[in-house]
Every structure is written in structure tokens, then in C-alpha cells.
Amino acid sequence: MDGNGRWAECQGFERVKGHCEGARAVRDTVETAARMGIPYLTLYAFSVANWSRPRNEVDTLMRLLVDFAKRERMDLRQNGIRVQVAGHVEELPTVTRLAVRELINATRHGDRLTLTLALSYGGRRDLVDAARALAEKVRKGEIDARAIDEQALRSEMTTRLLPDVDLLIRTGGESRISDFLLFEAAYAELMFLPMMWPEFRPEHFLAAIQGYMGKERRFGLTSAQVRTQDQDAARANGRILRPVVGY
Ligand code: IPE
Ligand code: MG
């Protein structure tokens, strides 16, 4: 969700006003994802690196998170949206942490869409922490180093409840990953959009999904192999797969 600050500066506002507008875009995006039947939506709300921003801006972001958690709690719950967190919620100020905890608790039975807020999150940090946790288990004799595989690494990451990323959208015109879901996005389709996050609307989201559905994801295989797999899957399911375009 990049571009809040630039959007505000362009309009002659303080940067923090951009974050307020960004919160509205979050609301619309979550609602659109639920309507489209997307099972997982993960928002990069606050990175480990964001702690180094000016104090005033960090405070505003933390306060906006409290506002969001309180304001949206009932709507999210009623719409079957389950909120969870990746990263380190325990590092947030107490008020914010409690509001997020309450939001998670209130929405825990949601079964339509899992909304994950990445908070005090860093992809490298998650990997390093997971490696350290596994090393510790080896040291204690709880696991054999030869048993360490992708699954073992995933199980120690704060994203352990998430599937791999299918589509990664970054607004704000930069073509960077900026430490987001480095491991989980190994085969993600990447979309870098020019509009600033407060300008991101449901129609942009729909267009991105449509673009995604037109892609052939090969996961290192050849196109012919993928097509055969699709046909096999269709046969196994006793149905013909829906065409991937024309949502
Ligand atoms: C939002 O956009 C990102 C968050 C930390 C929530 P930015 O604040 O990075 O906006 P720009 O990139 O300065 O425009
Ligand atoms: Mg930015």
C-alpha cells in the first residue's frame, strides 16, 4: 500500500492526511476482495523499517490502526472476515496492540476471507528468526538438521497460517518488493501500479485480478506440461475447468 505520503504532498496536505485517506482505500479493498471470493488478502501496513520514520508519522499510523480496528470491527465480523497478523504485533504500542488483539478475537470465526495485517513485519527478519528457531531445536535435539525442509522453515515464520502469494500488487509507481513476503512470493505474479494507494479503487483491483486470471503460471514447468496438468485436474474433478479469462 504505497504512496500515501506522496498523494498527500501532491494535494498540499501533511503526509499523515495521506494515511487517513489510505485507510478508506483499505476498507474498499477488503470489501472488494470478499465480494470477489478471494480467500486471503494480506496488507503490508507497517514494516520493520517504518519504525525509523519521524515520530509523529509513526504515532499517527499507530493511532489510525486503533481507529480502523475499532471502527471496522463489527462490519468485518458481520461480513465473515477473519483478521490475523503477520510480523510482530507485540512490538506495537500497548493501545494499538490491544485494539488489534480485540479485532482478531472479535473476528476469529470469520470463514469468508482471511485478512492478514503485516505489522512490524520484515521478510528477511522472518527468515532469520525462523532459521534461528530451527537451529535452536536442532541444538536441543528436538529435530534432526536433515529433516529441515521448506515446511519446517514455514512453520517457524509469522506467516505460517498463510498460503503462498498468488498475486502481489504494489501501488505508488515503484517496482520493488521492499522486504514483503520474500519467501512466500517466490512464484507470485507481481503487479506494480502507478496510482498512489489512496487512489486505488475497486475497479483497479478488479482489473488486476482480471490480468492475473489471464496468466499461465508454470512454476518452472513448460506450457505443455501445465496444460496437461490442468486437463488431468479437470478430469479428476469430473468437470471442465472454467476459462481463466472473463471474470
Ligand atoms: C504508505 O505509503 C505506506 C505505509 C507505511 C502505510 P507511504 O507512506 O510509503 O507513502 P510515500 O511512499 O511516502 O508516498
Ligand atoms: Mg512509500
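Higher on the page you've got the structure.
Residues numbered from 1 in each chain as written. Chains lettered and ligands numbered in written order. Predicted model: local features only at pLDDT ≥ 70, side-chain atom pairs only at ≥ 80, totals over all residues. Heavy atoms only, no water.

Caption draft 1: Broad picture of the state of the cysteines. Summed over all chains, the structure comprises zero disulfides. Free cysteine: Cys10, not disulfide-bonded; nearest cysteine sulfur from Cys20 at 17 Å. Of the residues examined, Cys20 reaches a relative accessible area of 35% and is grouped as partly exposed. (Disulfide = S-S within 2.5 Å. Buried < 20%, exposed > 50% of the residue type's maximum accessible area, 1.4 Å probe, protein only.)

Caption draft 2: The arrangement of the layout of surface pockets in detail. There is about 170 Å³ of room inside the second largest pocket. Lining the second largest pocket, in full, are Arg27, Val30, Glu31, Ala34, Arg35, Phe68, Glu72, Asp75, Leu76, Asn79, Ile81 and Arg112. Residue assignment for the lining of the second largest pocket shows that the elements contributing at least two residues are helix H2 (15–36) and helix H3 (55–78). At five residues, the largest contribution of residues to the lining of the second largest pocket is made by H2. For the lining of the second largest pocket, the residue count by class is five nonpolar, one polar and six charged. (1 Å grid on protein atoms, 1.4 Å probe; cavity = no way out; pocket = protein on both sides within 12 Å on 5 of 7 lines; lining within 4 Å. Points joined across faces, edges and corners; volume = space filled by probe spheres on them. Helix = DSSP H or I, 4+ residues; strand = E, 2+ residues; numbered from the N terminus. Nonpolar A, V, L, I, M, F, W, Y, C, P; charged D, E, K, R; others polar.)

Caption draft 3: Up close: the site of ligand 1. Taken together, Met1, Asp2, Gly3, Asn4, Gly5, Arg6, Arg15, His19, Ala45, Asn50, Arg53 and Glu57 make up all the residues around ligand 1. One of the backbone nitrogen or oxygen atoms of Gly5 is found 2.9 Å away from an oxygen atom of ligand 1. Taken by itself ligand 1 offers 390 Å² of open surface, and the protein chains cover 88% of this. Contributions of two or more residues to the shell around ligand 1 are made by helix H1 (4–10) and H2. (Near = heavy atom within 4 Å. Polar contact = N/O pair within 3.5 Å; in protein donor to acceptor, adjacent residues only side chain to side chain. Areas by Shrake-Rupley, 256 points an atom, 1.4 Å probe, with all protein chains shown as cover.)

Caption draft 4: Representation of the side chain of Glu72. Residue placement: Glu72 occurs in helix H3. Given a relative accessible area of 4%, Glu72 falls into the buried group. A distance of 2.6 Å separates a polar atom in the side chain of Glu72 from a polar atom in the side chain of Arg27. For Glu72, the side chain forms a polar contact with the side chain of Arg71, separated by 3.2 Å.

Caption draft 5: Seen up close, the pairing of strand E5 (residues 189–192). Here E5 shows a clear split, with Glu189 and Met191 buried on one side and none of Leu190 and Phe192 buried on the other. Inspection of the sheet shows strand E4 (residues 167–170) paired to E5 by four bridges, in the parallel sense. Each bridged residue has a counterpart across the sheet, and for Arg170 the counterpart in E5 is Phe192. (Pairing = 2+ DSSP bridges.)

Caption draft 6: How the structure looks around the nonpolar core. Within the largest apolar cluster, 41 residues are counted, with the highest numbers of intra-cluster contacts made by Val30, Leu41, Leu115, Leu119 and Phe205. Secondary structure elements with two or more residues in this core: H2, strand E1 (40–47), H3, strand E2 (81–87), helix H4 (94–106), strand E3 (113–121) and helix H7 (202–213). In contact with Leu41, other than residues within four places in its own chain, are Thr29, Val30, Ala33, Leu113, Thr114, Leu115, Thr116 and Phe205. In this structure, Ala118, Leu168, Leu181 and Ala188 belong to the second largest nonpolar core, which totals ten residues. (Core = buried A, V, L, I, M, F, W, Y, C linked by side-chain atoms within 4.5 Å. Contact = heavy atoms within 4.5 Å.)

Caption draft 7: Structural view of the sheet that holds E1. Taken together, the three strands give an open sheet; going across it, the order is E1-E3-E2, and neighbouring strands pair in parallel fashion. With one partner strand each, in any of the chains shown, E1 and E2 form the two edges of the open sheet. Each adjacent strand pair in this sheet contributes to an overall mean axis angle of 20 degrees, direction not counted. Pairing between E1 and E3: seven bridges, direction parallel. (Axes fitted to C-alpha atoms, helices over the stretch in contact; angles between N-to-C directions.)

Caption draft 8: Focus on helix H5 (residues 123–139). An ideal rise of 1.5 Å per residue puts 24 Å on 17 residues; H5 measures up with 24 Å between its terminal C-alpha atoms. Residues of H5 that are buried include every one of Gly123, Asp126, Ala130 and Leu134, and no others. The arc that holds the buried residues of H5, viewed along the axis, is 65 degrees, so those residues lie on one side. In H5, the exposed positions angled more than 90 degrees off the buried face are occupied by Arg124, Arg132 and Arg139. Check the buried side of H5 and you find it contacts E3 and helix H6 (150–155). One or two positions beyond H5, positive phi appears at Gly141, with a value near 80 degrees. (Expected span 1.5 Å × (residues − 1). Arc of directions from axis to C-beta.)

Caption draft 9: Local environment of the pattern of salt bridges. Following the criterion strictly, the structure yields 26 salt bridges and no others. Among the salt bridges present, the one from Asp59 reaches Arg55, with a minimum N-O distance of 3.2 Å. With Asp59 and Arg55 both in helix H3, this residue pair falls four residues apart, about one helical turn. Classification of Arg55 as exposed rests on a relative accessible area of 66%. Here Arg71 makes a salt bridge to Glu72, at a shortest N to O gap of 3.2 Å. When salt bridges that share partners are traced, they join Asp2, Arg6, Arg170, Glu174 and Arg176 into one network. (Salt bridge = Lys/Arg side-chain N within 4 Å of Asp/Glu carboxyl O.)

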